[in-house]
Amino acid sequence: MDNVSFGFDGRAVMRDLTLRAKPGEFLAIVGPNGCGKSTALKLIAGLHRPASGVVRIDGQDVAAMGRARIARHVALLTQASAVPPNMTVHELIAMGRFVHQGFLSRRSARDEEAIAHAMRVMDVTGLSHRRVGELSGGQLQRCRMAMTLAQDCGILLLDEPTTYLDLRYQFDILETARAQARAGAAVVAVLHDFTQASLYADRVAVMHEGRIAASGPASEVLTEDVIARVFGVRTRAVHAHGGIFHIPEGAVR
Amino acid sequence: MRALAAVLVLLAACLLHLRLGAAEIPARAILQAITAFDPTNYAHVVVVFQRITRLAVAVFSGAVLGVAGLLLQKIMQNGLVSPSTLGINAGATSFVVLAVYFFGLGGAALFLPALAGGLGAMALTFMTARLLAGQGDPRMNLVLGGAMVGTLFSSVTAFVVALDPDGFTNLLGWLIGDIGNFDYKSLSAMAPFGIAGLIGAVLLSRMVDLLAMGQEQAAVLGVDTRLVHGGALLIAIVLTVSAVTVVGPIGFVGLVMPHVARLVAGEVGLLPLWLCLIGGATVLTLADVLARVLMAPQVLNVGTVMGLAGGAVFLALVLTRARGAQI
């Protein structure tokens, strides 16, 4: 996206934001609450129209694309959605195939294969016939991730995919996201854990008040200085085991 | 299997409907009336000109109201909305009464004012709910808005009727929701609208399934949410109005049937839609049987019976919901 500005009710959320994600790359966005992280993902997915600037997918202006065309390129795992509790897990994940089906045609063998594959990847095959209302929060999130994978898109957007999850499943989802990037997808994830971002992302963008405050490899971006400036917290950064750990020392005075 | 079972239940209800009434008519005579009609045979005349016509009206109205309720509940993700609780019924009714009073319209010509009333009531309900935005549960606000709009339009109806009580004596039954012996005439005019609406509902059903997960989620998955939401809403209103024009404002079918269908057939695919169609027809057919049998030889309004029975079911539904929420 280039120089994108956006606001709600006259309140600017995004100011001249420029952000690029490449195929095969895992880009993590971190930033304090209300800095516009989720809004950035929704702009890429065409759910909001920029007030100025352009969002492009494969060189095409998203504003000129219909919902179905966008959905063939971009899959977004939203923060929350109200899934009808009576729906089965298989039915939920099959929803991801909607855009690949004809107006009247039924699910094809290819659809079933994509659904089965997504269920294997997220380890939810055993839940296939369970009702969504019976699932734990973690199970539901893995099923929603499977639905997003079943959509089979070149661009994968994940909005806080690990929130409220048990630690094990947080890493499951991050590893899946990285595997998608390695397989050629452009993955953009909003994360709130610096360590996870440093461990899994190829590049980290720190957002602050609707702008990119810093962008680059985790080691250059997730510094004590940037964290203090953006989050208002003094930390001690420790590099270990290939990740960056920030140990908080207190609020910036 | 479940689809077939529903059809069998409907057929049984239809048979019951043809047999029972002020005078019971044996199944064999019903069959003869259909296969070898004898205009001098009193029972044959009753079956063909009173019961079959009533039955057709009941089946049609129940079916379209059931499907309208399902569409509304899905696109609004709200189990408490229906043609009656959103005020659509009341809006259509009062516009019909206005059209009768001011323009002397009658019969199928009432479809247009009824449609205008249904659309107007829906718009008012949305506006009222928007005024309440930010306070309380938005889904409850929509139902509250619908209740207010419904009351408003009911008062308009009562007011217009009071202007010319004698002129409206023929419409009094219709105002409560009633199947009359001559309703088959307006039925034949309304059936094309109803059937077109049902076909539209089938065509949109997969996209409506996605809308039931929320507009944002549906958009992400590739649904043109504005188009589908607007289309499904319009279809639901046309379906409702096509029934209201014939039988008047009958409630609860559209509210209760979607819940029954959900319990039996889940959330996705054509089966819930089919069950709402067949189930709605069955419920209204049985209500009409009760209307004719309970106080025989007097005939009650089917709207009264639906109100009593549906009110009880609705109360049970709300109580179980409330209890479920406490746990």
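Residues numbered from 1 in each chain as written. Chains lettered and ligands numbered in written order. Predicted model: local features only at pLDDT ≥ 70, side-chain atom pairs only at ≥ 80, totals over all residues. Heavy atoms only, no water.

Student: When you look at the interface of chain A and chain B in this model, what are you seeing that I'm missing?
Tutor: A common way to state how big an interface is: give the accessible area lost once the parts meet. If you look at the interface, chain A gives 28 residues, while chain B gives 20 residues. Contact between chain A and chain B buries roughly 2,200 Å² in total, counting both sides, with carbon and sulfur atoms accounting for 64%. Interface area lost by chain A to chain B is led by Arg67, Met95 and Phe98 of chain A, which between them contribute 29%. For the pair chain A and chain B, the number of links is 1 salt bridge. Inspection of the region where chain A meets chain B yields 6 residue pairs in polar contact (both at pLDDT 80 or more). Only α2 (67-73), β7 (74-77), α3 (89-94) and α5 (137-150) of chain A provide two or more residues apiece to the side of chain A that touches chain B. (Contact = heavy atoms within 4.5 Å. Buried area = accessible area lost by both parts, 1.4 Å probe. Salt bridge = Lys/Arg side-chain N within 4 Å of Asp/Glu carboxyl O. Polar contact = N/O pair within 3.5 Å; in protein donor to acceptor, adjacent residues only side chain to side chain. Helix = DSSP H or I, 4+ residues; strand = E, 2+ residues; numbered from the N terminus.)

Student: Would you take a moment to explain the side chain of Gln217 of chain B for this structure?
Tutor: Along the polypeptide, Gln217 of chain B turns up in helix α9 (residues 215-220). Residue Gln217 of chain B is classed as buried on the basis of its relative accessible area of 3%. Contact partners of Gln217 of chain B, with chain neighbours within four places excluded, come to Thr78, Ser81, Arg144 and Met147 of chain A. (Buried < 20%, exposed > 50% of the residue type's maximum accessible area, 1.4 Å probe, protein only.)

Student: What is the right way to read the packing of helix α5 (residues 111-131) of chain B against helix α6 (residues 138-163) of chain B from this model?
Tutor: Two numbers describe a pair of packed helices, the interaxial angle and the distance between the axes. Residues and elements named next belong to chain B. Direction vectors running N to C along α5 and α6 enclose 130°, while the axes themselves pass 8 Å from each other. Looking at the two axes, α5 sits oblique to α6. Read as a crossing pair, α5 and α6 show a hand that is right-handed. Across the interface between the two elements, Ala121, Leu124, Thr125, Phe126, Thr128 and Ala129 from α5 touch Asn141, Leu142, Gly145, Gly146, Met148, Val149, Leu152 and Phe153 from α6. Taken together, the residues of the contact of α5 with α6 break down into 9 nonpolar, 5 polar and no charged. (Axes fitted to C-alpha atoms, helices over the stretch in contact; angles between N-to-C directions. Parallel < 35°, antiparallel > 145°, perpendicular 65-115°, else oblique. Left-handed = near helix turned anticlockwise from the far one by under 90°. Nonpolar A, V, L, I, M, F, W, Y, C, P; charged D, E, K, R; others polar.)

Student: Please explain the packing of helix α2 (residues 27-35) of chain B against helix α3 (residues 42-75) of chain B as it appears in this structure.
Tutor: Residues and elements named next belong to chain B. Taken N-terminus to C-terminus, the directions of α2 and α3 make an angle of 80°; their axes are 8 Å apart at the nearest point. On the basis of the axis angle, α2 is roughly perpendicular to α3. Contacts from Ala29, Ile30, Gln32, Ala33 and Ile34 of α2 reach α3 at His44, Val47, Val48 and Ile52. Broken down by class, the residue content of the contact of α2 with α3 amounts to 7 nonpolar, 2 polar and no charged.

Student: Explain the sheet that holds strand β8 (residues 155-159) of chain A to me, please; I cannot follow it from the model alone.
Tutor: By definition, the strands of a sheet pair up through backbone hydrogen bonds, in either a parallel or an antiparallel sense. Residues and elements named next belong to chain A. Reading across the sheet, the 6 strands line up as β7-β8-β9-β3-β10-β11 and stay open at both edges, with mixed pairing between neighbours. Lying at the two open borders of the sheet, with one neighbouring strand each, are β7 and β11 (211-216). Each strand axis lies, on average, 15° off the axis of its neighbour in the sheet, ignoring direction. Across the sheet, α5 lies against β7 and β8, angled at about 175° from β7, the strand it touches most. Contacting β10 (203-208) and β11, helix α9 (residues 224-231) crosses the sheet at an angle of about 30° to β10. (Pairing = 2+ DSSP bridges.)

Student: Explain the confidence of the model for chain B here, please?
Tutor: Low pLDDT means the predicted atomic positions in that stretch should not be read closely. Looking at chain B as a whole, the pLDDT averages 88, with 98% of positions reaching at least 70. Taking the mean pLDDT of every element in chain B, the minimum, 76, falls on helix α13 (residues 302-326) of chain B and the maximum, 95, on helix α10 (residues 225-247) of chain B. (pLDDT = per-residue confidence, 0-100.)

Student: What should I look at first to understand the pairing of strand β13 (residues 243-251) of chain A in this one?
Tutor: For a regular strand, side-chain orientation follows a simple rule: the groups alternate between the two sheet faces. Residues and elements named next belong to chain A. Direction of pairing for strand β12 (residues 233-240) relative to β13: antiparallel, over a ladder of 8 bridges. Looking at the pairing, Ala237 lines up with His246 of β13. Between β12 and β13, which follow one another and run antiparallel, lie 2 residues, and His241 among them has a positive phi close to 55°.

Student: It is not clear to me how the nonpolar core should be interpreted in this structure. Could you clarify?
Tutor: As a rule of thumb, soluble globular proteins bury nonpolar side chains together. Counting 148 residues, the largest nonpolar core has Phe26, Val204, Val206 and Leu222 of chain A together with Met76 of chain B as its most contacted members. Aside from chain neighbours lying at most four places away, what touches Leu222 of chain A is Val30, Phe194, Ala197, Ser198, Val204, Val206, Ile227, Ile244 and His246 of chain A. Core analysis: the second largest hydrophobic core is formed by 26 residues, Met14, Cys35, Val62 and Met65 of chain A among them. (Core = buried A, V, L, I, M, F, W, Y, C linked by side-chain atoms within 4.5 Å.)

Student: What should I look at first to understand unusual backbone geometry in this one?
Tutor: In terms of backbone geometry, most residues other than glycine have negative phi values and most peptide bonds are trans. The phi angle at Asp123 of chain A is positive, at roughly 55°, despite the residue not being glycine. Among the structural elements, Asp123 of chain A can be located in the loop between α4 (109-121) and α5. The backbone phi angle of Phe252 of chain B is positive, close to 75°, even though this residue is not glycine. For Phe252 of chain B, the location among the structural elements is in the loop between α10 and α11 (253-265). Residue classification places Phe252 of chain B among the partly exposed positions, given a relative accessible area of 22%.

Student: Looking at this structure, I do not really get the packing of aromatic side chains. What am I missing?
Tutor: Working definition: an aromatic ring pair is given by the centre-to-centre distance plus the angle between the planes. Residue and element names in this part refer to chain B. Taken as a whole and judged by the stated rule, the model has 6 aromatic pairs over all chains. An angle of 65° between the planes, with centres 6.1 Å apart, marks the rings of Phe95 and Phe153 as edge-to-face. Taken as a pair, Phe95 in helix α4 (residues 88-103) and Phe153 in helix α6 lie far apart in primary sequence, 58 residues in all. By relative accessible area, Phe153 is classed as buried at 9%. Look at Phe111 and Phe193: their rings are 4.0 Å apart centre to centre, the planes differ by 20°, and that puts the pair in the stacked class. With Phe111 in helix α5 and Phe193 in helix α8 (residues 183-211), the pair connects residues that are 82 residues apart, well separated along the chain. Using a relative accessible area of 5% as the deciding quantity, one classes Phe111 as buried. Residue Phe193 is classed as partly exposed on the basis of its relative accessible area, which comes to 35%. (Phe/Tyr/Trp six-rings, centres within 6.5 Å; stacked < 30°, edge-to-face > 60°.)

Student: What is the right way to look at the pairing of β11 of chain A in this model?
Tutor: Residues and elements named next belong to chain A. Strand direction decides the pairing type here: β10 and β11, joined by 5 bridges, are antiparallel. When the bridges of β11 are listed, Val206 appears paired with Ala214. Remark: 2 residues form the turn of the hairpin made by β10 and β11, two consecutive strands paired antiparallel; Glu209 in that turn has positive phi of roughly 50°.

Student: Would you mind showing me how to read the confidence of the model for chain A here?
Tutor: Counting all residues, the mean pLDDT for chain A is 86, and 94% of those residues have values of 70 or more. Taken element by element, the predicted model of chain A shows its lowest mean pLDDT in strand β1 (residues 2-8) of chain A (57) and its highest in strand β9 (residues 186-190) of chain A (94).

Student: Would you mind going over a nonpolar patch on the surface with me for this structure?
Tutor: All names here are of chain B. The grouping of Tyr101, Phe102, Phe103, Leu105, Phe159 and Leu163 at the surface amounts to a nonpolar patch, some 660 Å² of accessible area in total. Of all the elements in the fold, those that place two or more residues in the nonpolar patch are α4 and α6. Within the fold, Leu163 resides in helix α6. You can call Leu163 partly exposed: its relative accessible area is 44%. (Patch = residues over 30% accessible without salt bridge, like charges linked within 9 Å, V, L, I, M, F, W, Y side chains within 5 Å. Areas by Shrake-Rupley, 256 points an atom, 1.4 Å probe, with all protein chains shown as cover.)

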